[in-house]
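This is what each chain is made of:
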Amino acid sequence: MITVVGTGTGAPVADDVLAGARLVVGGRRHLTAATLPDDAEQIVLGPLAPALDTIQAYVEKGEPVVVLASGDPGFFGIVRALAERFGTDVLDVRPGVSSVATAFARTGLTWDDAVVVSAHGRDLRTAVNACRAHPKVAVLTGPGAGPAELGAALSHRTAGRVLVVASALGSGQERVERVTPAEAAARDWGTAVSVVLCLDESRSLGTARTVAGAAVGPARWALDEREFEHRDSMITKFEVRALALARLGPRLGELVWDIGSGSGSVAVECARLGAAVTAVEKTRDGVERIRANAEAHGVDVHTVHGAAPTVLSDLDDPDAVFVGGGGRELPAIVTACARRARRTVVVAMAALDRVPAVREALGAAGFAVDGVLLQSSRLAPLPGDVTRLAATNPVFLLWGVRPPASVEGVAQ
């Protein structure tokens, strides 16, 4: 039997749990804090594979093993690795209070509506994008992915966020500090930090929830143009937007660029589906419309006033890109976006003569290219209580998808 004990936030391990153990595995601080049997072998956790091999030798001999872990070991913890190796039947899991629960308790906030992201041994960009898109996020930190790195990534791209940095929870050295992302980036936090909360404090109370975690996705998408402020019908029509969203696949933890955003309809819809979004627009009144539409729909969209491709060099690499404007610069814009996009680029065009150049730009960047001509007719009323079909302007939609094997080679 393998007994997995979550020590909580400083809670001691009961002596009876350890009394018969022949092998005790845990971090150095866990082993130091526990009263271990004199004849038990100890393993300080470092690389996991050798520890699992030793545990297996004891399990095969039928000798009891105790694994000490922080907080709730079934929450982004060692239970997964143990269950995959040994099965669930040999595990006796005794959870403690997780660092996430404790950090939120220290701030007086509920966390059933929080997004929890682990950056421990993982790419920090997923946590960064979740923090950009959601008002209440808990980030489990690790080497190279702590408060300083998170703060540096957020300080120039995300407005209105505060970081709550929790260090040494449950110990005599416990600290819970509220700082701005810029302040977090400027400090050396050491190794005692285990969780950082990223909050939009104007929305951190949230509302009562039925489903925990990220908000349930919108009931509708490809919204009617009347649900956005726009100028002279200069907006991506909902039929085009529906297919564009399907090809973009915006999701939690990813970053989407909307280039030539105009009204921001695509940007807002991607944000409603959980993605972090940067909207690039060259007109000042367009930027204001994007911000107004994002606020009206209750989402965060980072707006950049400037012309592509010039301003793109200052942006973080996207997972997906929608290009809805560009004029004569369109091939150059698509080339720049395709060089940076990790997954896909979708381009909407009204002009037939631009299709070959865009297709060539996507193909030259290594994307598999496909597309359609969308030409729809909508129901429109006529006098006498009758209905006709009113044709919308045809739009070419091309998309490029990066083969999975080449994703790691994208410029970072």
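Refer to the structure above for everything that follows.
Residues numbered from 1 in each chain as written. Predicted model: local features only at pLDDT ≥ 70, side-chain atom pairs only at ≥ 80, totals over all residues. Heavy atoms only, no water.

## Quick look at the side chain of S261
Just so we agree on the cut-off: Counting from the N terminus, the helices are DSSP H or I runs at least four residues long and the strands are E runs at least two residues long. We call a residue buried when its accessible area falls under 20% of the maximum for its residue type, exposed when it is over 50%, and partly exposed in between, using a 1.4 Å probe and counting protein chains only.
Here S261 is to be found in the loop between β11 (255–259) and α10 (265–272). A relative accessible area of 8% means that S261 is categorised as buried.

## A word on the sheet that holds β11
For clarity, the cut-off: Any two strands are treated as partners once DSSP identifies two or more bridges connecting them. In this analysis, axes come from line fits to C-alpha atoms, helices being fitted only over the stretch in contact, and the angle between any two N-to-C directions falls in the range 0 to 180 degrees. We call two residues in contact when some of their heavy atoms are within 4.5 Å.
Here seven strands make up an open sheet; going across it, the order is β13-β12-β11-β14-β15-β19-β16 and the pairing mixed. Across the chains shown, the open sheet's two edge strands, defined by having one partner strand only, are β13 (302–305) and β16 (368–374). Adjacent strand axes in the sheet meet at a mean angle of 15°, parallel and antiparallel pairs treated alike. Sheet topology note: the β11/strand β14 (residues 320–323) ladder contains four bridges and is parallel. When the bridges of β14 are listed, W257 appears paired with V321. Sheet strands in contact with helix α11 (residues 284–296) are β12 (276–281) and β13, and its direction is about 175° off that of β13.

## A word on the sheet that holds strand β6 (residues 115–118)
To summarise the sheet geometry, strands pair through backbone hydrogen bonds and adopt either a parallel or an antiparallel arrangement. Reading across the sheet, the five strands line up as β6-β7-β10-β8-β9 and stay open at both edges, with mixed pairing between neighbours. Looking at the sheet topology across the chains shown, the edges are occupied by β6 and β9 (175–179). The average angle at which neighbouring strand axes cross in this sheet is 20°, direction not considered. As defined by bridge partners, strand β8 (residues 162–167) adjoins β9 across five bridges and the pair is classed as antiparallel. What sits directly across from A166, in β9, is V176. Across the face of the sheet, helix α5 (residues 99–107) comes into contact with β6, β7 (136–140), β8, β9 and β10 (193–199) while running at roughly 50° to β10.

## What about unusual backbone geometry?
Put simply, A308 and P309 share a cis peptide bond, and its omega is 5°. Residue placement: P309 occurs in the loop between β13 and β14. Although it is not a glycine, F76 sits at a positive phi angle of roughly 55°. Relative to the elements of secondary structure, F76 occurs in the loop between β4 (65–69) and α4 (79–86). Classification of F76 by relative accessible area gives partly exposed; the value is 46%. Although it is not a glycine, D385 adopts a positive phi angle of roughly 60°. Here D385 is to be found in the loop between β17 (377–382) and β18 (386–391). A residue is classified by how much of its surface remains accessible, and D385, at 79% relative accessible area, is exposed.

## A short note on α11
Selection rule: Take the number of residues in a helix, subtract one, and multiply by 1.5 Å to get its expected span. It is the directions from the helix axis to the C-beta atoms that the arc portrays.
The terminal C-alpha atoms of α11 lie 19 Å apart, and with 13 residues this matches the ideal 18 Å at 1.5 Å per residue to within 8%. All buried positions along α11 are accounted for by G286, V287, R289, I290, N293 and A294. End-on view of α11: buried residues confined to an arc of 160°, all on one side of the axis. Turned more than 90 degrees away from the buried face of α11, the exposed residues are E295 and A296. Packing partners of the buried residues in α11 comprise α10, β12 and β13.

## Some details on the packing of aromatic side chains
Definition in use: Working definition: a ring pair exists when centres of Phe, Tyr or Trp rings (six-membered ring for Trp) sit within 6.5 Å. Plane angles under 30 degrees give stacked, over 60 give edge-to-face, the rest tilted. In our convention, an over-ring charge means Lys NZ or Arg CZ found within 6 Å of a ring centre and within 35 degrees of that ring's normal.
Scanning the entire structure with this criterion turns up three aromatic pairs. Ring centres 6.3 Å apart and planes at 5° place the aromatic pair F104 and W111 in the stacked group. F104 sits in the buried class, given a relative accessible area of 0%. Sitting over the ring of W399, R247 keeps its end group 4.6 Å from the ring centre.

## Considering the pairing of strand β1 (residues 2–6)
Buried residues dominate β1, accounting for five of its five residues. Here β1 shows two buried faces, one formed by I2, V4 and G6 and the other by T3 and V5.

## Here we look at the pattern of salt bridges
Threshold: Only one rule defines a salt bridge in this text: a Lys or Arg side-chain nitrogen within 4 Å of an Asp or Glu carboxyl oxygen.
What the rule picks out here adds up to 29 salt bridges. With its nearest N and O atoms 2.7 Å apart, the salt bridge here joins E174 to R106. Highlighted residues: E174 in the loop between β8 and β9 and R106 in helix α5, separated in sequence by 68 residues. R125 is paired through a salt bridge with D319; the nearest N and O atoms lie 3.0 Å apart. Linking R125 in helix α6 (residues 124–133) with D319 in the loop between β13 and β14, this pair joins segments that are 194 residues apart in sequence. Each member of the pair, R125 as well as D319, is classed as buried. Beyond isolated ion pairs, a larger network of salt bridges with shared partners links E225, E239, R241, E269, R272 and R378.

## Regarding the pairing of strand β15 (residues 344–349)
This is how it is decided: Assignment of crossover handedness uses the view with strands pointing away from the viewer, where a clockwise path from the first strand over the helix to the second indicates a right-handed crossover.
Across the six residues that make up β15, a large majority, six, are buried. Alternating residues of β15 divide into T344, V346 and A348 and V345, V347 and M349, and every residue in both groups is buried. Pairing of β14 with β15, which is carried by four bridges, proceeds in the parallel orientation. Among the inter-strand pairings, A320 is bridged to a residue of β15, identified as T344. Following the chain from β14 across helix α12 (residues 330–340) to the adjacent parallel β15, one finds a crossover that is right-handed.

## Points about the packing of helix α9 (residues 238–248) against α10
The condition that has to hold: Geometric relationships in this document are graded by angle, where less than 35 degrees denotes roughly parallel, more than 145 denotes roughly antiparallel, 65 to 115 denotes roughly perpendicular, and other angles denote oblique. By the definition used in this description, the sense in which the near helix is turned from the far one sets the handedness, with an anticlockwise turn below a right angle giving left-handed and a clockwise turn giving right-handed. Three classes are used: nonpolar for Ala, Val, Leu, Ile, Met, Phe, Trp, Tyr, Cys and Pro, charged for Asp, Glu, Lys and Arg, and polar for all others, with Gly counted as polar.
Where α9 meets α10, the axes come as close as 11 Å, and the angle between the chain directions of the two elements is 50°. In terms of orientation, α9 and α10 fall into the oblique class. In the packing of α9 onto α10, the handedness of the crossing is right-handed. Residue-level inspection shows R241, L245 and L248 of α9 in contact with α10, the latter providing S265, V266, E269 and C270. For the contact of α9 with α10, the class distribution of residues is four nonpolar, one polar and two charged.

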